Amino acid sequence: MAVPVAFFALFFAYPVTAIVGRGLKVGGDWQFARIGEVLSRPDILGVLWFTTWQALASTALTLLIALPGAYVLARFDFPGKQLLRAVVTVPFVLPTVVVGTAFLALLGRGGLLDELWGVRLDTTVWAILLAHVFFNYAVVVRTVGGLWSQLDPRQEEAARMLGAGRFAAFRRVTLPALTPAVAAAALMVFLFTFTSFGVVQILGGPAYSTLEVEIYRQTAQLLDLPTAAVLTLVQFAAVGGILAVHAATVRRRERALKLVDPAQTSRRPRGAGPWALLGGVLLTALLLILLPLGVLVERSFDGPGGYGFGYYEALQSVGAGGSSTFLVPPLEAVGNSLRYALVATLIALVVGGLAAAALTRRAGRLVRGFDALLMLPLGVSAVTVGFGFLITLDKPPLDLRTSWILVPLAQALVGVPFVVRTMLPVLRAVDDRLREAAAVLGASPLRAWREVDLPLVRRAVLVAAGFAFAVSLGEFGATVFIARPDNPTLPVAVARLLGRSGELNYGQAMALSTILMLVCAVSLLLLERIRTDRSGEF
């Protein structure tokens, strides 16, 4: 526990506490009366209510739409399966501002719905909910599907042989085993939608505002740091309470599971029902994921003189079209993002892997409480974390403001919770008797981990690495404050281009977004190939 505790204390608790203290302290004295003053304002109460109910609605809708996809990718074997798995994950790494822009092109004025049927959904809740499902679809598919593919299907088949119907067997055998993974996925989706920023700001318009949007507005536009500090504390408390309830309820349902090689559980679809389910999942992926991504790709090639590579060629020069947005060619952001994401993934795997291993041992209340605390970076405002980095990590021996490592550290903060939540259900499902048998035969704890745990959780480690790499590529909220002008990441570069007027800047932003999608797709396809090649080693 030493490494995870030190990492979060230094790079999360310290910066967040410092920025909140600056907002609530006057002359060295805490002004707690400001909390009541802020929370009694009608506009703030409206923000709190909308933040909560839209997050609940987004989570329910995402589970409803994504669980069939998790089942198909876990149990069915069909051509293009690896490609489909990579495609559904690509939206998760896109900056939220790009997701909002893509759905605006589909649902807003002059969008596809407006051209075909004269219907506009921008500035409505439905646009926000659909964009949230688009963004979080992969969370459910990969988190639930990763465990589902390793569940022994013979247990459900045995229940059916004893007279249980298909639904009853699923409800009594499979669903209890999947509950930890479903709860973990729902938790992550809720946290991302509870703290939604770019999607709500672009699609919601002035009528809708989440806590994250309001914190940004109070900090960057109104310069009201006390109000932003109060909202940060509210967000922190709400997320902490949710995580505590989640940890208490899920732990009671966890139990040892019989895990098998995923290759033994997948089969070709047989019968009208499975083929219809596969077709429905493919149609969902086409309309919900490929269509918005297709809009981005189409706009990246649609230049003033017709379709071509003009926007991509402009990425290779500084100040194209009279713009001074970058000190270096925007195309250098690709290499920067890959280097940062690789380092952040390594940090997240080390910190998250150690934390997951410690949590598996169930060593007292302190460790169980840390289970919930590990998820807090997903629920605390990225604006707060970014500002906190700037005002705290500026003195020796931690003067990191000019160091390249600052960006991977901020990205790893978001990656660690995904590593923990992906590995923990699988680690806890490993039967303790296997470890005990290895110890009786003379194996040391390290060898028992290598011979017993690692073969069973290798797949989860690779899934966790993919998630950490993906979220590192797309992290924007904190990185925008700490990325150096001469070393921008892809999301920061896209946001800078979208923030400037002009057709060239907008086209370059679409081109960079397309490159980001391609980089993620290639990375995920490589990960899927590694997983497939090593599946026989379990």
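Preceding block: the structure.
Structure report, in brief. Small disclaimer: the values here were computed from a predicted structure and weren't measured. (Residues numbered from 1 in each chain as written. Predicted model: local features only at pLDDT ≥ 70, side-chain atom pairs only at ≥ 80, totals over all residues. Heavy atoms only, no water.)

### As for the overall build of the protein
Then, number 1: Looking only at helices and strands, the protein has 24 helices and six strands in total.
Then, number 2: Scored against the burial criterion, the 538 residues of the protein give a buried share of 54%.
Then, number 3: Put simply, 80% of the contacts in the protein that link residues at least 6 apart link residues at least 24 apart. (Helix = DSSP H or I, 4+ residues; strand = E, 2+ residues; numbered from the N terminus. Buried < 20%, exposed > 50% of the residue type's maximum accessible area, 1.4 Å probe, protein only. Contact = heavy atoms within 4.5 Å.)

### What about a nonpolar patch on the surface?
Then, number 1: The grouping of Leu112, Leu116, Trp117, Val119, Leu283, Leu286, Leu287, Leu290 and Leu291 at the surface amounts to a nonpolar patch, some 830 Å² of accessible area in total.
Then, number 2: Residue assignment for the nonpolar patch shows that the elements contributing at least two residues are helix H6 (112–117) and helix H13 (272–301).
Then, number 3: A total of five residues in the nonpolar patch trace back to one element, the largest contributor, which is H13. (Patch = residues over 30% accessible without salt bridge, like charges linked within 9 Å, V, L, I, M, F, W, Y side chains within 5 Å. Areas by Shrake-Rupley, 256 points an atom, 1.4 Å probe, with all protein chains shown as cover. Salt bridge = Lys/Arg side-chain N within 4 Å of Asp/Glu carboxyl O.)

### Things to note about empty space enclosed by the protein
Then, number 1: Scanning the model with the defined rule gives seven cavities of 30 Å³ or more in all.
Then, number 2: Going through the elements one at a time, helix H7 (125–148), helix H19 (406–429) and helix H21 (445–474) are the ones with two or more residues in the lining of the largest cavity.
Then, number 3: For the lining of the largest cavity, the per-class residue count stands at six nonpolar, four polar and three charged.
Then, number 4: What lines the second largest cavity is simply Ile19, Val20, Ile215, Thr219, Leu225, Ala228, Ala229, Thr232, Val383, Thr384 and Phe387.
Then, number 5: Those elements that place two or more of their residues in the lining of the second largest cavity are helix H1 (2–24), helix H11 (211–221), helix H12 (225–251) and helix H18 (382–392).
Then, number 6: Among the elements that make up the lining of the second largest cavity, the one with the highest residue count is H12 (four residues). (1 Å grid on protein atoms, 1.4 Å probe; cavity = no way out; pocket = protein on both sides within 12 Å on 5 of 7 lines; lining within 4 Å. Points joined across faces, edges and corners; volume = space filled by probe spheres on them. Nonpolar A, V, L, I, M, F, W, Y, C, P; charged D, E, K, R; others polar.)

### Details of the layout of surface pockets
Then, number 1: Taken as a whole, the largest pocket spans an internal volume of roughly 1,100 Å³.
Then, number 2: In terms of lining, the largest pocket is formed by 45 residues, of which the most central are Thr96, Phe197, Gly198, Phe476 and Gly477.
Then, number 3: When its residues are assigned to classes, the lining of the largest pocket shows 30 nonpolar, 12 polar and three charged.
Then, number 4: Lining of the second largest pocket is provided by 18 residues; of these, Tyr71, Glu156, Arg160, Arg166 and Arg267 occupy positions nearest its centre.
Then, number 5: Within the residue set of the lining of the second largest pocket, elements represented by two or more residues are helix H3 (42–75), helix H8 (153–161), helix H9 (166–194) and H13.

### Describing the packing of aromatic side chains
Then, number 1: For the coordinates displayed, the defined rule picks out 14 aromatic pairs.
Then, number 2: Note on phenylalanine 190 and phenylalanine 194: the rings are 5.5 Å apart at their centroids and 25° apart in plane angle, and the pair reads as stacked. Residue phenylalanine 190 and its partner phenylalanine 194 are located together in helix H9, separated by four residues, close to a single helical turn.
Then, number 3: Phenylalanine 194 sits in the buried class, given a relative accessible area of 5%.
Then, number 4: Among the aromatic residues, those joined into a ring-pair cluster are Phe7, Phe8, Phe11 and Phe12. (Phe/Tyr/Trp six-rings, centres within 6.5 Å; stacked < 30°, edge-to-face > 60°.)

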